[in-house]
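Reading the structure
Each chain, written out:
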Amino acid sequence: MLVFSEDITARKVAADTIRSLNADLSATLQAIPDLMFDVDRAGTYLAVWAHDPTFLAHQKELLLGRTVNEMLPADAAEIVMSAIAEADDTGSSFGRIIHLEFDGGVRWFELSAARKSTPVGAVPRLIVISRDITERKLAEQTLLDREFKLGAIVENSPSALSLKLPDGHFVLANPNFQRIHHLTEAEIIGKTDFDLYPVETARQIQANDERMLQSMTRQSVEEILPVDGELRVFMVHMFPILNASGAASFICRISFDVTIAKRDAEELERHRHHLETLVETRTRELAEANAALGRHSAEVEALYDQAKLLESALLKSEQMLHGVLDNTPALIGYWTRDLINEFANHAFKDLYGIGKAINDFVDRHISDLKQSDNPTIASTGRVLEAAKFG
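Note that the structure is predicted; figures quoted are calculated from it, not measured.

Position of Glu 230 among the secondary structure elements: in strand S9 (residues 230-242). In this structure Glu 230 touches Leu 225 and Arg 263, once residues within four positions along its chain are discounted. A distance of 3.1 Å separates the side chain of Glu 230 from the side chain of Arg 232, its partner in a polar contact.

Laid out in structure tokens, this is it:
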């Protein structure tokens, strides 16, 4: 009986090593979240690995043995085949992006492809990795949309808007800022305020920037800047744009030309002051007119009171004289009556003279009122004159 024995230790070790490598490879493939495909030059699916099968365009079983052009939409298939051709020609391909429709919506994938090392005479094979970048793509679209909106605001803002580095060099200038300086944005970028303004003006702007950077808060200041040979007043709102560490990366300045509004406000203030002066003057004139009218009224009333007393006394005297005459003997009466009548005539003439004096006094006072420098008193004199003849 012949017994043959063979040492298979090396083979056993090799088999164990292969099993260990396969286990490691399987664990690695399971840990990779990307889709992986083993394909040939024609795009035939030879092997498929998917951590999440829901990201596959079709079930794995349907893909194997079929080509990219058969299983993907035409636009996506064209991009995948371009990546395969580039990898087969140069050894690798990166960065191509496709999008596919799923029940939950559109998903975006970034492709990486590499040529595999194959034995001589074997069919060349390639590895294609498809990474889901949907969240990144949506974030990019959100940022692009935000950038588009901000760009529209900057371009169409009625303000003069600019961005500067903390050292004062411009990195952005909107159309209004460009118009003020008669320069394009390309001509402004890289310059400082000392290139655009007189030295003293540039120093003022620089000092305002430094105060804002020290406070690290929004500041609003008025600045007087030369525009086309004319000094214009600008209301400037400035604030720092901070980076992730909290340091100022940029200085943003938003400036509004408030020259006309400033002039209008000053003109309104002058009119307000003038109106207040007019009101004070008018009030003083009215007070003076009231005082003058009070004095004239008191004087006129005193004269009228005196006239009334005199009139009453004369009437009583006349009554007494008539009584005497009526009881006086006829012979004596003629002479006495004539004497008394003459006396009465003189008394009534004096009474009427007092009336004329009162009228003359009133006329003089109305004339004084009309000739007063105080417009209110003069106007009152004209009113009294009209009332006298009315």
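For helix H9 (residues 199-215), spanning 17 residues, the distance from its first C-alpha to its last is 25 Å, which sits close to the expected 24 Å at 1.5 Å a residue. The complete set of buried residues in H9 reads Thr 201, Ala 202, Ile 205, Asn 208, Asp 209 and Met 212. Axial view of H9: buried residues confined to an arc of 125°, hence all on one face. Counted as exposed and oriented over 90 degrees from the buried face of H9: Glu 200 and Gln 214. In this structure, the buried residues of H9 make contact with strand S6 (160-164), helix H8 (193-196), strand S8 (219-227), S9 and strand S10 (248-257). Once H9 finishes, Met 216 follows within two positions and takes phi at roughly 60°, a positive value.

What follows covers the sheet that holds S9. Read from one edge of the open sheet, five strands run S7-S6-S10-S9-S8, paired in antiparallel fashion. Two strands lie at the open edges of the sheet, namely strand S7 (170-173) and S8, each paired on one side alone. Neighbour to neighbour, the strand axes of the sheet diverge by 25° on average, direction disregarded. Pairing analysis gives nine bridges linking S9 to S10, with the strands arranged antiparallel. By the bridge assignment for S10, Leu 242 is matched with Ala 248. Against the sheet, H9 engages S6, S8, S9 and S10, with an angle of about 165° to S8.

A few words now on the environment of Lys 137. Within the secondary structure, Lys 137 is located in helix H5 (residues 134-156). Setting aside residues no more than four positions away along its own chain, Lys 137 makes contact with Ile 97 and Trp 108.

This next bit is on the pairing of strand S3 (residues 92-102). As paired elements, S3 and strand S4 (residues 105-115) share ten bridges and run antiparallel to each other. Bridge pairing links His 99 to Trp 108 in S4. Counted between consecutive antiparallel strands, the loop separating S3 from S4 contains two residues.

Cut-offs used in this document
Residues numbered from 1 in each chain as written. Predicted model: local features only at pLDDT ≥ 70, side-chain atom pairs only at ≥ 80, totals over all residues. Heavy atoms only, no water. Helix = DSSP H or I, 4+ residues; strand = E, 2+ residues; numbered from the N terminus. Contact = heavy atoms within 4.5 Å. Polar contact = N/O pair within 3.5 Å; in protein donor to acceptor, adjacent residues only side chain to side chain. Expected span 1.5 Å × (residues − 1). Buried < 20%, exposed > 50% of the residue type's maximum accessible area, 1.4 Å probe, protein only. Arc of directions from axis to C-beta. Pairing = 2+ DSSP bridges. Axes fitted to C-alpha atoms, helices over the stretch in contact; angles between N-to-C directions.

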